Number of protein chains: 2
Amino acid sequence: MKIAIYGYGNLGRGVEAAVRQNPDVELMGVFTRRDPASLQTETGVPVYPAETVLDYTADIDVMILCGGSATDLPVMTPSLAEHFNVVDSFDTHAKIPEHFDNVDRAAFSSAHTALISAGWDPGLFSLARLYMNSVLPEGKDYTFWGRGVSQGHSDAIRRIAGVKDARQYTVPVPEALERVRSGENPDLSTRQKHTRECFVVAEEGADLERIEREIREMPNYFADYDTTVTFISEEELKKNHAELPHGGTVIRSGTTGEGGKYKHTMEFSLKLDSNPQFTASVLVACARAVARMHTRGIFGCKTLFDVAPADLSPLTGEEMRKKLL
Amino acid sequence: MKIAIYGYGNLGRGVEAAVRQNPDVELMGVFTRRDPASLQTETGVPVYPAETVLDYTADIDVMILCGGSATDLPVMTPSLAEHFNVVDSFDTHAKIPEHFDNVDRAAFSSAHTALISAGWDPGLFSLARLYMNSVLPEGKDYTFWGRGVSQGHSDAIRRIAGVKDARQYTVPVPEALERVRSGENPDLSTRQKHTRECFVVAEEGADLERIEREIREMPNYFADYDTTVTFISEEELKKNHAELPHGGTVIRSGTTGEGGKYKHTMEFSLKLDSNPQFTASVLVACARAVARMHTRGIFGCKTLFDVAPADLSPLTGEEMRKKLL
């Protein structure tokens with residue numbers, strides 16, 4: 001199975017690393033909108049200019065799109081799905097239906113297979129919610145994120161005047177998690193579920209009090225949360241906050257039997273040293289499924305909901321029934 | 001979607017209860033090998049003698065088989081799969097390949113769809129292992145069971161002379177769980193993973209010391225575990241040990257990146273007030289998928305590995321992408 005990477009940031013490098021753990025997957029190259037001469041891939045695979053991508057339609061089984069959800073993927077995925085089988089990690093939850101329709105049109109009319117919103121949320125967490133809801137129709141879902149770096153919130157802090165750099169950690173409130181795990185099915189406000197920890201490098205002479213106030217009062221991002229702001233040096237940021245750890249927990253608590261007599265709690269959780277590395281690993285497994293579905297003539301836009309789990313695995317049916325069932 | 005239940009014990013009653021939570025599923029009846037007049041169903045659905053089952057092939061979309069794995073299902077599932085779409089919860093791990101082949105032959109040759117080994121282990125835990133292995137190829141899996149009643153171990157105690165009744169709880173060792181969760185990837189012996197707690201009702205005048213020794217020294221079942229034996233009265237057993245709670249945890253801990261630089265831990269866990277009630281809920285969701293796959297002409301024996309998660313859900317693709325993705 002030959003794949004290519006389109007976009008070579010953290011996620012693209014993660015895909016490159018993940019390919020090495022999957023002997024049935026071969027990486028033919030990386031496409032970039034930057035000057036290819038300026039890029040050195042970790043494993044030495046060739047780098048091609050993005051504008052030449054259509055010269056390689058015969059060489060690529062699945063293209064893994066590693067652009068951002070804000071502006072890249074809404075354009076990139078539909079336009080590349082006209083020429084390639086594609087996988088993306090589009091994660092703007094509210095815009096998934098629109099993105100799905102655009103990609104579906106492009107992929108279906110050109111007999112390609114596309115899989116969008118792969119990763120862990122959306123992705124594995126969505127799968128957990130779907131399985132849990134299917135087997136326990138009467139119950140309540142909870143999703144907690146963190147402890148981990150939210151890149152959107154870190155960016156929001158960086159846009160404040162006087163801020164040189166910042167890292168924002170989303171942290172689930174332990175008491176809330178415990179209440180949910182106990183099967184209590186509590187109603188939890190935004191503030192009760194997560195806290196936000198901000199580590200900020202200020203420019204010299206900046207008004208720290210103003211920066212802290214602007215962070216804490218920022219609507220949507222911080223105003224509804226208990227937020228702590230810690231000013232640190234640039235060295236400390238580089239030393240202690242260079243990576244992008246993340247994770248979280250999906251819990252469904254429900255009942256069965258006469259009068260809801262029996263309580264059942266299901267939980268799926270992730271603790272990830274690197275968000276982009278792990279997301280990339282999911283994308284590569286999804287590329288395997290996309291290649292197989294395309295061979296079977298299954299065209300159009302799909303999500304992990306539509307993928308038989310066996311299609312993600314390099315094992316044969318016999319092997320997986322023996323080892324994993 | 002019309003289903004029927006074949007076998008009306010704890011699991012069959014669980015299916016009957018689960019149907020009420022799924023408005024798209026209708027229960028046409030229960031088949032039993034006992035005298036139908038001796039059975040009163042919880043919801044008043046009709047009871048038919050097992051030997052008349054072939055009179056109802058036109059009335060049933062999927063038959064849910066609620067027999068035991070030891071002697072019932074190895075015969076029941078292949079023979080009924082010649083006439084019906086079927087779902088079973090066959091859970092003798094070592095014999096799954098053989099059972100799969102037998103059911104596959106019967107179902108495929110008669111253009112039926114069968115799904116075996118549905119439940120939580122095998123079932124949802126198997127799915128967790130498959131997803132986890134697919135996205136993290138380099139790592140190690142652990143499965144812990146409990147705290148919960150093992151019916152096989154309870155039965156083994158009951159077969160000892162002088163034992164009137166017994167309940168055996170399998171309990172994961174908390175330290176082992178913590179070491180696995182931390183990503184340490186320890187090698188754990190059988191004894192290090194689980195302990196076994198036995199609550200035993202002895203016959204009057206029985207030699208308690210001998211019973212305890214026979215339990216502790218029983219090969220396969222108890223000899224490799226730290227086992228505690230507590231003698232209790234029949235009343236106490238009925239009062240405190242009447243239900244069949246269970247649960248457990250699947251953890252995979254793996255690495256990605258150059259030299260395994262990044263560590264990732266995935267965990268799926270269940271805490272169930274009633275093992276048969278929860279297993280039954282999984283069976284009903286699987287029956288939905290079987291009915292849909294059959295409509296699409298997908299015949300033969302399947303497991304949850306072969307089922308696109310969307311097929312387990314009553315929601316439309318649009319609804320689930322909006323609500324759950």
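Parameters and conventions
Residues numbered from 1 in each chain as written. Chains lettered and ligands numbered in written order. Predicted model: local features only at pLDDT ≥ 70, side-chain atom pairs only at ≥ 80, totals over all residues. Heavy atoms only, no water. Pairing = 2+ DSSP bridges. Helix = DSSP H or I, 4+ residues; strand = E, 2+ residues; numbered from the N terminus. Axes fitted to C-alpha atoms, helices over the stretch in contact; angles between N-to-C directions. Contact = heavy atoms within 4.5 Å. Least-squares fit on C-alpha atoms with pLDDT ≥ 70 in both. Salt bridge = Lys/Arg side-chain N within 4 Å of Asp/Glu carboxyl O. Buried < 20%, exposed > 50% of the residue type's maximum accessible area, 1.4 Å probe, protein only. Buried area = accessible area lost by both parts, 1.4 Å probe. Polar contact = N/O pair within 3.5 Å; in protein donor to acceptor, adjacent residues only side chain to side chain. Phe/Tyr/Trp six-rings, centres within 6.5 Å; stacked < 30°, edge-to-face > 60°.

J.: Can you break down the sheet that holds strand β7 (residues 139–145) of chain A residue by residue, with the values?
T.: The 6 strands are arranged β7(A)-β12(A)-β13(A)-β13(B)-β12(B)-β7(B) in an open sheet whose pairing can be described as antiparallel. Either end of the sheet is taken by a strand with one partner, and the two such strands are β7 of chain A together with β7 (139–145) of chain B. Pairs of neighbouring strands in the sheet enclose a mean axial angle of 10°, with direction left out of account. As paired strands, strand β12 (residues 246–256) of chain B and strand β13 (residues 262–272) of chain B are joined by 11 bridges and run antiparallel to one another. Counterpart to Ile251(B) in the pairing with β13(B) is Glu267(B). The sheet strands contacting helix α6 (residues 174–181) of chain A are β7, β12 (246–256) and β13 (262–272) of chain A together with β13 of chain B, and the helix crosses β12(A) at an angle near 30°. Against the sheet, helix α10 (residues 275–295) of chain B touches β12 and β13 of chain A together with β12 and β13 of chain B, its axis set at about 70° to β13(A).

J.: Describe in detail the relation of the copies chain A and chain B, supporting the description with residues and values.
T.: When chain A is fitted to chain B, the residual RMSD is 0.0 Å, and the transformation amounts to a turn of 180° plus an axial shift of 0.0 Å. One copy is carried onto the other by what is essentially a two-fold rotation axis. The fraction of interface residues of chain A whose copies in chain B are also interface residues reaches 100%, indicating that both copies meet through the same surface.

J.: Go over the pattern of salt bridges with me, naming the residues and quoting the values.
T.: Applying the stated criterion across every chain, the model contains 38 salt bridges over all chains. Two residues, Arg158(A) and Asp155(A), come together in a salt bridge whose shortest N-O distance is 2.4 Å. Taken together, the positions of Arg158(A) and Asp155(A), both in helix α5 (residues 151–158) and 3 residues apart, correspond to about one turn of that helix. The exposure class assigned to Arg158(A) is partly exposed, which follows from its relative accessible area of 30%. Arg167(B) serves as the salt-bridge partner of Asp165(B), at 3.7 Å between the closest nitrogen and oxygen. Under the relative-accessibility criterion, Arg167(B) is labelled buried at 12%.

J.: Outline the pairing of strand β4 (residues 62–65) of chain B, listing residues and values.
T.: All names here are of chain B. Here β4 shows two buried faces, one formed by Val 62 and Ile 64 and the other by Met 63 and Leu 65. Summarising the sheet, strand β1 (residues 2–6) and β4 pair through 4 bridges and their orientation is parallel. Looking at β4, one finds that Ala 4 is bridged to Met 63. Sheet topology note: the β4/strand β5 (residues 86–87) ladder contains 2 bridges and is parallel. Across the sheet, the residue bridging to Met 63 is Val 86, located in β5.

J.: How would you explain the sheet that holds strand β2 (residues 26–32) of chain A if you had to name every residue and give the values?
T.: All names here are of chain A. Spatially, 7 strands are ordered β3-β2-β1-β4-β5-β6-β14 in an open sheet, and the strand pairing comes out parallel. Strands with a single pairing partner mark the edges of an open sheet, and in this sheet they are β3 (47–49) and β14 (300–302). Here strand β6 (residues 113–115) pairs with β14 via 3 bridges, running parallel. Considered in β14, the bridge of Ala 114 is made with Cys 301.

J.: So what's going on with the interface of chain A and chain B? Which residues, and what values?
T.: By a widely used convention, the size of an interface equals the accessible area lost when the partners come together. Each partner contributes residues to the interface: chain A has 63 residues there, and chain B has 64 residues. Taken together, the two surfaces of chain A and chain B that pack against each other cover about 5700 Å², and 62% of this comes from carbon and sulfur. Of all residues in chain A, Gln21(A), Leu324(A) and Leu325(A) bury the most surface against chain B, accounting for 14% of the area lost on that side. Salt-bridge contacts for Glu258(A) lead to Arg20(B); the nearest nitrogen and oxygen are separated by 3.3 Å. At the junction of chain A with chain B, the criterion picks out 27 residue pairs in polar contact (both at pLDDT 80 or more). Elements that contribute at least two residues to the side of chain A that touches chain B include exactly α3 (96–109), α4 (124–135), β12, β13, α10 (275–295) and α11 (317–323) of chain A.

J.: Lay out the packing of aromatic side chains in plain terms, naming residues and giving numbers.
T.: Residues and elements named next belong to chain A. Under the defined criterion, the tally for this structure stands at 15 aromatic pairs over all chains. Ring centres of Phe 31 and Tyr 56 lie 5.5 Å apart, and the angle between their planes is 65°; on these two criteria the pair is classed as edge-to-face. Here the residue Phe 31 occupies a position in strand β2, and Tyr 56 occupies one in the loop between β3 and β4 (62–65), the gap between them amounting to 25 residues. Tyr 56 shares its class with Phe 31; the two are buried.

J.: How would you explain the side chain of Ser253(B) if you had to name every residue and give the values?
T.: All names here are of chain B. Tracing the chain through its elements places Ser 253 in strand β12. Overall, the relative accessible area of 1% leaves Ser 253 in the buried class. A polar contact is formed between the side chain of Ser 253 and the side chain of Asn 185, at a distance of 3.1 Å. The residues touching Ser 253, leaving out its near neighbours within four places in the chain, are Gly 139, Lys 140, Gly 183, Asn 185, His 264 and Thr 265.

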